[in-house]
Amino acid sequence: MKQAGFPLGILLLFWVSYVTDFSLVLLIKGGALSGTDTYQSLVNKTFGFPGYLLLSVLQFLYPFIVDPENLLIGHHFIIVLSTVAFTLPLSLYRDIAKLGKISLISTVLTTLILGIVMARVVSLGPHIPKTEDAWIFAKPNAIQAVGVMSFAFICHHNCFLVYGSLEEPTVAKWSHIIHVSTLISVFISILFATCGYLTFTGYTQGDLFENYCRNDDLVTFGRFCYGVTVILTYPIECFVTREVIANVFFGGTLSSVLHIIITVVIITVATLVSLLIDCLGIVLELNGVLCAAPLIFIIPSACYLKLSEEPRTHSDKIMSCVMLPIGAVVMAVGFVMAVTNPQDCTHGQEMFYCFPDNFSLTNISISHFQLTTQLSILNVSIFQ
C-alpha cells in the first residue's frame with residue numbers, strides 16, 4: 001500500500017490473486033497435457049534441459065532468499081535453538097501431506113495475528129500522524145509492490161507435490177481447491193494490508209511488526225505467533241529444495257543418509273542467511289521479482305502456450321499471452337527498483353511515536369529521563 005498507493009494497492013492485490021489462481025490451475029493443466037507430474041518434469045518436457053535448469057535454480061533459491069524468524073525474534077541464539085529443536089526435525093519428514101497437517105496450525109495463528117493488527121487500528125491508529133500522501137491513488141513504486149504481493153501468493157513451486165497428495169487428484173478438484181484457497185488468501189491479505197496501512201500510512205515498514213512499539217505486550221504475542229508460523233511452514237519450502245537436489249543430482253531418489261545430510265545442509269545455509277539479514281522489506285522485494293514473478297507469471301504461461309493445441313482466441317491462451325510479458329516487466333523493472341530504491345528499514349530501532357508523546361499508550365512505565373534520552377538518539381539517527 002505504501003509503495004503502490006492505497007486504492008491502486010487494493011486493486012493490485014485482487015489482480016495478483018487472480019493471476020495466482022489462474023496460473024496454479026494452468027500448471028496442472030500443463031502437467032496433464034504433457035503427461036508429467038512435477039513442475040520440473042513439465043518444464044523439462046516443454047523447454048528441454050535449459051528450461052529445467054532455470055526452474056531448478058529458481059525453486060532451489062526461493063527458501064534461501066526468505067528471511068525466517070530474524071526480525072521478529074531478534075536473538076541469534078533463539079534462531080539457532082528453534083531451528084535445531086523444531087525446524088530441522090519437521091524438515092526431515094518425507095511425506096508432504098504430514099507437513100500440510102502441521103502447517104494448519106499456522107493458519108490458526110495467522111488468524112490471531114490478524115486480530116491483533118485489526119485491534120491496533122482502533123487503539124493505536126488515531127495516535128499515529130498520517131503522512132501527506134497517505135491516500136494518493138497511485139505511486140511510481142507500484143511495480144515493487146507487485147513483487148511483494150507475488151511473494152505473498154507464491155506456492156507454484158510445490159503445487160505438484162500438493163496436487164499429488166490429494167485423494168483422487170483431478171484438474172476439476174484442484175481448481176475448486178485453488179479457487180477457495182486463493183479467495184481466502186486475498187481476503188486475509190487485504191485485511192492485513194489495509195489495517196497495517198490505515199494504522200501507519202507512510203511510516204509503514206517492510207516488516208509491519210517493526211512499526212509497533214517494543215513494549216506492546218499484545219503485539220509481542222503476535223510476533224511470537226508469527227515466529228511459530230515460520231517454524232511450521234518453512235519445512236514445506238525445505239521439502240521443495242530437497243526435491244530439486246534429488247531430481248538434479250540423484251535421479252529423484254535419496255537414501256535415508258543422503259536425505260538427512262541434504263536436509264541438514266539446506267537448513268544450516270538458510271539459518272546462516274537469516275542470521276545475516278535484518279531487513280525484511282528488501283528480502284520480500286528481491287524474492288518477489290527474482291523468484292515469484294517467473295514462477296507465477298512467466299513459466300506457467302510459457303509452458304501452456306507451447307503445449308496447448310487450443311485456438312489462439314481461447315481465453316486461457318489470451319490470458320497467458322498477457323501474463324507472460326507483464327511478468328517479464330515486473331521481474332526486470334522490479335529488480336532495478338528494489339536495488340536502487342529499497343523499502344525503509346529501521347534495523348530494530350523504535351519508531352518516533354513510541355516515545356514521550358505516546359508513552360501512555362503502552363503498558364510499561366518508562367522514566368522521563370529514559371524517554372528523553374532515547375528520543376534524542378532516535379531523532380539524531382532519523383535526521384542523519
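Only a predicted model underlies this, so the values are computations on that prediction, with no experimental measurement involved. (Residues numbered from 1 in each chain as written. Predicted model: local features only at pLDDT ≥ 70, side-chain atom pairs only at ≥ 80, totals over all residues. Heavy atoms only, no water.)

A.B. asks: Could you give me a rundown of the environment of Ile 318, with the residues and numbers involved?
C.D. replies: Locating Ile 318 in the fold gives a position in helix 12 (residues 315-340). Among the residues examined, Ile 318 registers a relative accessible area of 44% and is labelled partly exposed. Sequence separation between Ile 318 and Ser 301 is 17 residues, and the spatial gap between their C-alpha atoms is 9.9 Å. (Helix = DSSP H or I, 4+ residues; strand = E, 2+ residues; numbered from the N terminus. Buried < 20%, exposed > 50% of the residue type's maximum accessible area, 1.4 Å probe, protein only.)

A.B. asks: How would you sum up helix 4 (residues 76-91)? Please name residues and give values.
C.D. replies: At Thr 83, helix 4 shows its maximal bend, which comes to roughly 45°. All buried positions along helix 4 are accounted for by Ile 79, Ser 82, Thr 83, Thr 87, Leu 90 and Ser 91. (Bend = angle between axes of the 7 residues up to and from the residue.)

A.B. asks: Any details on the state of the cysteines? Residues and values, ideally.
C.D. replies: All told, the structure shown has 1 disulfide when counted by the stated rule. Across a sulfur-sulfur distance of 2.1 Å, Cys 213 and Cys 354 are joined as a disulfide pair. Here Cys 213 and Cys 354 share a disulfide; its torsion about the S-S bond, -95°, makes the bridge left-handed. Of this pair, Cys 213 sits in the loop between helix 8 (171-200) and helix 9 (217-249) while Cys 354 sits in the loop between helix 12 and helix 13 (368-383), placing them 141 residues apart in sequence. A relative accessible area of 7% means that Cys 213 is categorised as buried. Overall, the relative accessible area of 5% leaves Cys 354 in the buried class. The thiol sulfur of Cys 155 is not disulfide-bonded, and the nearest other cysteine sulfur, from Cys 159, lies at 7.1 Å. You can call Cys 155 partly exposed: its relative accessible area is 27%. (Disulfide = S-S within 2.5 Å.)

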